[in-house]
There are 2 protein chains.
Amino acid sequence: MIPAADPARPTVGVIGGMGPAATWAFAEAVLAATPAASEQDHLRLVVDADPAIPDRNAAMAGDGPSPAPTLAAKGAALLEAGADLVCMPCVTAHAFADELRAAVGAAWVDAVEASADAVRAAAPDARRVGLIATTSTHRAGHVPAALARRGLAVVPAEADEHAAWMDLIYAVKAGRHGEGERAAARAWAARSVAAGAEVLLAACTEVPLLLQDGDADVPVVSATEALAAAVVARAGARAGARNDARP
Amino acid sequence: MIPAADPARPTVGVIGGMGPAATWAFAEAVLAATPAASEQDHLRLVVDADPAIPDRNAAMAGDGPSPAPTLAAKGAALLEAGADLVCMPCVTAHAFADELRAAVGAAWVDAVEASADAVRAAAPDARRVGLIATTSTHRAGHVPAALARRGLAVVPAEADEHAAWMDLIYAVKAGRHGEGERAAARAWAARSVAAGAEVLLAACTEVPLLLQDGDADVPVVSATEALAAAVVARAGARAGARNDARP
């Protein structure tokens, strides 16, 4: 247990480090999504940003160990450390999250479900989504399946488009997300819109560092912001339940 | 213990939440200070961002409880969670850190000492420092004392200057650090330079969100970046020691 200064306040456990920059962008998105007038109004976050978590893309390609046992162990440890909710700002890693979900139970806040809900909310009449993600996320199918449950199909992309996004995502992981990378991201996003996308889902937590809403002719939904909003909503409900339960 | 994916890699424990935005700015400064070509090269951070830590400025004014026991308990818990180093990106809170230093021992990385070293390095011949800090930091004297040990005196400031910086710092804590706040910060920094400051120390971790090096006619040293650089240097030394010790 890491002692909380205020035990009545919800603690959000974050399994981070995938990648390092995306973790802190997510933490800032939680801040931005929190209605707060002063420092003391914010949620408590306990973040394990571990960049040595086995590479999800390598594991999916059969070139490395699965991150699943590590993720489950971290989730359980965050609950023991005092987390009321547990989340993981990495969409690709959700393909390895079954064991983690089982370990944290009702405390789990799912980034893929939150993202699919946000896409539907941003484009209520859309049927075709441009999915900006790692090739592993495309291959794993967990994001297309969540979108399909909401009546949304993924616009097919060519192999060179997948390769271009992977190059950009790995650039962000290495700390490069300047104007050159952002211009490339806008160009690839425009191609997806030309191919029929009515809404874009930036479904890798690195992508919002390159492409934001307003950078394309259709809405751009950020998985990072969608997860942050879901966490704040769940934590708010949790805080209410806790306050109601107190004498 | 929160399990590490790579037990040989140093884990940095961070006592955060003071304020919330400053914590993530510090985490990003650690990323920026780390020589890394890929995600896997980064340090592991375990961050407890707890916005309910008793207010340091209220405590200093006698209007609230001391944060010292909470900070010491968190430091001890971060060591138990697996941290090899412990730091706290809040300069004001260092006035309450004696118990925390005792709790974490050799794992401690001190933001005040790192900042004073960075001021000396940025302005080797300077004798007068403009100290941008909370009124509590001015009053506590721990930062002026660290500067004095390096031959640096703090340029006196008027009461209205202290009040203006406090207003700006609390604006950042509430999430406001836009162009209006940044313009005000530049104007107050210019007044400190006019009063004789040869170097400015942004000694509150909120201030770098308002004022960076290049925003004044003298060097601006960021306590956030100074602590990040010290942590990376200590972690690098620690990683080397661990690697040497392995068979």
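Anything mentioned here points back to the structure above.
Residues numbered from 1 in each chain as written. Chains lettered and ligands numbered in written order. Predicted model: local features only at pLDDT ≥ 70, side-chain atom pairs only at ≥ 80, totals over all residues. Heavy atoms only, no water.

1. Overview of the relation of the copies chain A and chain B
Mapping one chain copy onto the other needs a rotation about an axis and a shift along that axis.
Moving on, step 1. For the match of chain A to chain B, the screw axis carries a shift of 0.0 Å, the RMSD comes to 0.0 Å, and the turn is 180°. The superposition of one copy onto the other is thereby described by a two-fold rotation axis. Closest approach to the rotation axis among the C-alpha atoms of chain A is made by Val47(A), whose C-alpha sits 2.5 Å away.
Moving on, step 2. Looking at chain A, 100% of its interface residues are interface residues in chain B too, so the copies touch through the same face. (Least-squares fit on C-alpha atoms with pLDDT ≥ 70 in both. Contact = heavy atoms within 4.5 Å.)

2. Focus: the side chain of Thr134(B)
All names here are of chain B.
Moving on, step 1. Mapped onto the fold, Thr134 is located in the loop between β4 (128-132) and α6 (135-140).
Moving on, step 2. Here Thr92 takes part through its side chain, which lies 2.8 Å from a polar atom of the side chain of Thr134.
Moving on, step 3. If we ignore the near neighbours within four places in the chain, the residues touching Thr134 are Asn57, Thr92, Met166, Ile169 and Cys204. (Helix = DSSP H or I, 4+ residues; strand = E, 2+ residues; numbered from the N terminus. Polar contact = N/O pair within 3.5 Å; in protein donor to acceptor, adjacent residues only side chain to side chain.)

3. Digging into the pairing of strand β1 (residues 11-16) of chain A
Residues and elements named next belong to chain A.
Moving on, step 1. Within β1, 6 of the 6 residues are buried, leaving the element largely enclosed by the surrounding structure.
Moving on, step 2. As defined by bridge partners, β1 adjoins strand β2 (residues 44-49) across 6 bridges and the pair is classed as parallel. Counted as the bridge partner of Gly16 is Ala49 from β2.
Moving on, step 3. In terms of strand pairing, β1 meets strand β3 (residues 85-87) through 3 bridges, oriented parallel. In the strand pairing of β3, Val12 is matched with Leu85. (Buried < 20%, exposed > 50% of the residue type's maximum accessible area, 1.4 Å probe, protein only. Pairing = 2+ DSSP bridges.)

4. Remarks on the sheet that holds strand β7 (residues 220-222) of chain B
Hydrogen bonds between backbone atoms are what pair the strands of a sheet, whose relative direction is either parallel or antiparallel.
Residue and element names in this part refer to chain B.
Moving on, step 1. Read across the sheet, 4 strands follow the order β5-β4-β6-β7 without closing on themselves; strand pairing throughout is parallel. Each edge of the open sheet carries a strand with a single partner, namely β5 (153-154) and β7.
Moving on, step 2. When β4 meets strand β6 (residues 199-202), the two strands line up parallel, connected through 4 bridges. Its bridge partner being in β6, Ile132 is matched across the sheet by Ala202.

5. Some remarks on the interface of chain A and chain B
Moving on, step 1. Contacts between the two partners involve 44 residues from chain A, matched on the other side by 44 residues from chain B.
Moving on, step 2. Summing both sides of the interface, chain A and chain B together bury roughly 3,200 Å²; the carbon and sulfur share of this comes to 59%.
Moving on, step 3. Across the contact surface, chain A and chain B share 4 salt bridges.
Moving on, step 4. Its salt-bridge partner being Asp50(B), residue Arg44(A) comes within 3.6 Å of it at the nearest N-O pair.
Moving on, step 5. Counting the contacts that link chain A with chain B gives 9 residue pairs in polar contact (both at pLDDT 80 or more).
Moving on, step 6. Listing elements by their share of the side of chain A that touches chain B, those giving two or more residues are α1 (20-33), β2 and α3 (68-81) of chain A.
Moving on, step 7. Among the elements that take part in the side of chain A that touches chain B, α1(A) stands out by supplying 7 residues, more than any other.
Moving on, step 8. Considered class by class, the residues forming the side of chain A that touches chain B number 27 nonpolar, 6 polar and 11 charged.
Moving on, step 9. Sheet topology note: the β2(A)/strand β2 (residues 44-49) of chain B ladder contains 5 bridges and is antiparallel. Counterpart to Val46(A) in the pairing with β2(B) is Asp48(B). (Buried area = accessible area lost by both parts, 1.4 Å probe. Salt bridge = Lys/Arg side-chain N within 4 Å of Asp/Glu carboxyl O. Nonpolar A, V, L, I, M, F, W, Y, C, P; charged D, E, K, R; others polar.)

6. Considerations on the nonpolar core
One recurring pattern in soluble globular proteins: nonpolar side chains tend to sit buried together.
Moving on, step 1. Of all hydrophobic cores here, the largest spans 64 residues; its most connected members are Trp24(A), Leu45(A), Trp24(B) and Leu45(B).
Moving on, step 2. With 8 residues, α1(A) is the single largest residue contributor to this core.
Moving on, step 3. Not counting residues within four places of it along the chain, the set of residues in contact with Trp24(A) comprises Val47(A), Ala49(A), Trp24(B), Ala27(B), Glu28(B), Leu31(B), Leu45(B) and Val47(B).
Moving on, step 4. Residues Ala83(A), Leu100(A), Ala77(B) and Ala83(B) belong to the second largest nonpolar core, which totals 42 residues. (Core = buried A, V, L, I, M, F, W, Y, C linked by side-chain atoms within 4.5 Å.)

7. Section: the sheet that holds β2(B)
Moving on, step 1. Taken together, the 6 strands give an open sheet; going across it, the order is β3(A)-β1(A)-β2(A)-β2(B)-β1(B)-β3(B), and neighbouring strands pair in mixed fashion. Each edge of the open sheet carries a strand with a single partner, namely β3 of chain A together with β3 (85-87) of chain B. When strand polarity is set aside, the average angle formed by the axes of neighbouring strands in this sheet is 15°.
Moving on, step 2. Each of β1, β2 and β3 of chain A together with β2 of chain B touches α3(A); the most contacted strand, β1(A), lies at about 160° to it.
Moving on, step 3. Strands in contact with helix α3 (residues 68-81) of chain B are β2 of chain A together with β1 (11-16), β2 and β3 of chain B; relative to β1(B), the strand with the most contacts, it is inclined by about 160°. (Axes fitted to C-alpha atoms, helices over the stretch in contact; angles between N-to-C directions.)

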